[in-house]
Amino acid sequence: GPVVGIVPAAGRGVRLGQELPKAFVELDGRTMLDRAVESMLDSGEVDRVVVVVPPELAATQPEQLVRAPFSERVSVVAGGAERADSVRAGLACASDARFVLVHDAARVLTPPGLFARVVAELRRGSDAVIPVLPVTDTIKSVDAQGAVTGTPDRASLRAVQTPQGFDVALLSRANTDAGDATDDAGLVERLGERVDTVAGDPLAFKITTPLDLVLARALLASGAR
Ligand code: CTP
Ligand code: MG
């Protein structure tokens, strides 16, 4: 079966603080969503992509989101209130898939090699694989009052990116009762199933805050794509 990309793009982008839903914010004349979807299809690792948009944009045609010929391999569905609801809507359009890659629209500069690493690990037999990076800051846990309750050993911590790759049956099973999970692999972990890691890439950073947007625009201006 094919490798199907699911791009959740139904979030509001509250932390970015722009008028438009975040995925529709432009960088150098092209939306985050356009850039993310094209990079996925252009990597050669993904057969088609399901884009999950805010419900009021559900009638949007693929050609309005992504340029040809990539638009021919794109379909559009309405998302839900939480990210996991949006992923579930995407999964409903991916029942023919062998593997799915769930990839945030906000990770616009993800290089092709990262899609390749994740798919290679799936083909090697992993049922769930995520890209990770070492953590550079010391991380602390705190209680409701903000008092520090612990300092986990940084050497055992990783920051998690997308694309996250899954056997489609496993993610479908994991996603059925998701709550407000921010990460698909966490749902697989909750089932007690193994999740593998591959090396992430700093360029796959997620545009979350205005500072991230400044960084992405500067990288594009200096020749990243
Ligand atoms: N997402 C989604 N459906 C939701 C919430 C989020 O499809 N109900 C998507 C976002 O569009 C984004 C990705 O999940 O591509 C990662 O989420 P995040 O970076 O948190 O984006 P937003 O939820 O839009 O941002 P914020 O949390 O700041 O509002
Ligand atoms: Mg969010």
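Residues numbered from 1 in each chain as written. Chains lettered and ligands numbered in written order. Predicted model: local features only at pLDDT ≥ 70, side-chain atom pairs only at ≥ 80, totals over all residues. Heavy atoms only, no water.

Structural notes on the overall build of the protein
The test is simple: Put simply, DSSP marks the helices as runs of H or I at least four residues long and the strands as runs of E at least two long, and each gets a number from the N terminus on. In this treatment the radius of gyration is a C-alpha quantity, and the globule benchmark scales as 2.2 Å times the residue count to the 0.38 power. Type-normalised accessible area, obtained with a 1.4 Å probe on protein chains alone, sets the label of each residue: buried when under 20%, exposed when over 50%, and partly exposed for intermediate values. The criterion used for residue contact is that any of the two residues' heavy atoms lie within 4.5 Å. In short, Shrake-Rupley with a 1.4 Å probe defines the accessible areas, and a residue's cover is counted only from the protein chains shown.
Scanning the protein from N- to C-terminus turns up seven helices and twelve strands. Over its C-alpha atoms the protein spans a radius of gyration of 17 Å, differing by no more than 12% from the 17 Å that the globule rule assigns to 225 residues. Looking at the protein as a whole, 48% of its 225 residues are labelled buried. Within the protein, residue pairs in contact and separated by at least 24 positions form 70% of the contacts whose partners lie at least 6 positions apart. On the protein, roughly 10,800 Å² of surface is accessible, and the fraction owed to carbon and sulfur atoms is 52%.

Points about the nonpolar core
The cut-off we apply is this: Here, nonpolar core means buried Ala, Val, Leu, Ile, Met, Phe, Trp, Tyr and Cys residues that are tied together by side-chain atoms lying within 4.5 Å of each other.
Core analysis: the biggest nonpolar cluster contains 27 residues, and Leu-33, Val-37, Val-49, Val-51, Leu-65 and Leu-101 have the highest contact counts within it. Leaving out residues up to four positions away in the same chain, Leu-33 has contacts with Val-7, Ala-9, Ala-23, Phe-24, Val-51, Leu-65 and Ala-105. Counting 25 residues, the second largest nonpolar core, distinct from the first, contains Ile-6, Leu-91, Ala-94 and Val-102.

Topic: the site of ligand 1
Quick reminder of the rule: Whether a residue is near a molecule or strand depends on its heavy atoms: it is near if one of them lies within 4 Å of it. Here a polar contact is taken to be a pair of N or O atoms separated by no more than 3.5 Å, where protein atoms must pair a possible hydrogen donor with a possible acceptor and residues adjacent in sequence count only if both atoms sit in side chains. Residues are grouped as follows: nonpolar covers Ala, Val, Leu, Ile, Met, Phe, Trp, Tyr, Cys and Pro; charged covers Asp, Glu, Lys and Arg; every other residue, Gly included, is treated as polar.
Pro-8, Gly-13, Val-14, Ser-86 and Lys-206 are the nearest of the 18 residues found near ligand 1. One of the backbone nitrogen or oxygen atoms of Gly-11 is found 2.9 Å away from an oxygen atom of ligand 1. In the model, an oxygen atom of ligand 1 is placed 3.4 Å from a nitrogen or oxygen of the Ala-105 main chain. Here the shell around ligand 1 is built from residues that sort into seven nonpolar, four polar and seven charged.

Thoughts on unusual backbone geometry
Comment: phi is negative for the bulk of residues other than glycine, and the bulk of peptide bonds are trans. The omega angle of the peptide bond from Ala-68 to Pro-69 is 0 degrees, so this bond is cis rather than trans. Put simply, Thr-162 and Pro-163 share a cis peptide bond, and its omega is 10 degrees. Mapped onto the elements, Pro-163 comes out in the loop between strand E10 (158–160) and strand E11 (164–167). One non-glycine residue with positive phi stands out, namely Asp-28, at about 45 degrees. Assignment of secondary structure puts Asp-28 in the loop between strand E2 (26–27) and strand E3 (30–31).

Considering the side chain of Glu-121
Structurally, Glu-121 is set in helix H4 (residues 112–123). Every residue in contact with Glu-121, bar those within four places of it in the chain, is listed here: Ser-126, Val-129, Asp-196 and Val-198.

Details of the pairing of strand E6 (residues 99–102)
What counts, and what does not: In this analysis, strands are considered paired if DSSP registers two or more bridges between them.
Burial along E6 is two-sided: the face carrying Phe-99 and Leu-101 and the face carrying Val-100 and Val-102 are both buried. Bridge analysis of strand E1 (residues 3–8) against E6 gives four bridges, and the strand direction is parallel. Looking at E6, one finds that Ile-6 is bridged to Val-102. Note that E6 and E11 share four bridges and pair antiparallel. Considered in E11, the bridge of Phe-99 is made with Asp-167.

Considerations on the pattern of salt bridges
How we decide: Here a salt bridge means any side-chain nitrogen of Lys or Arg lying within 4 Å of a carboxyl oxygen belonging to Asp or Glu.
Inspection of every chain in the model, using the stated rule, returns 13 salt bridges. Among the ionic pairs, Glu-38 bridges to Arg-30, the shortest N-O distance being 3.1 Å. Judged on exposure class, the residue Glu-38 and its partner Arg-30 are both buried. Residues joined in a network through salt bridges with shared partners are Arg-30, Asp-34, Glu-38 and Arg-67.

Considerations on the environment of Ala-10
Within the secondary structure, Ala-10 is located in the loop between E1 and E2. On a C-alpha basis, the gap between Ala-10 and Leu-170 in space is 23 Å, while along the polypeptide they are 160 residues apart.

Considering the side chain of Asp-184
Inspection of the secondary structure assignment puts Asp-184 in helix H6 (residues 184–190). The residues contacting Asp-184, other than those within four sequence positions of it, are Arg-83, Val-87, Val-102, Gln-164, Phe-166 and Leu-171.

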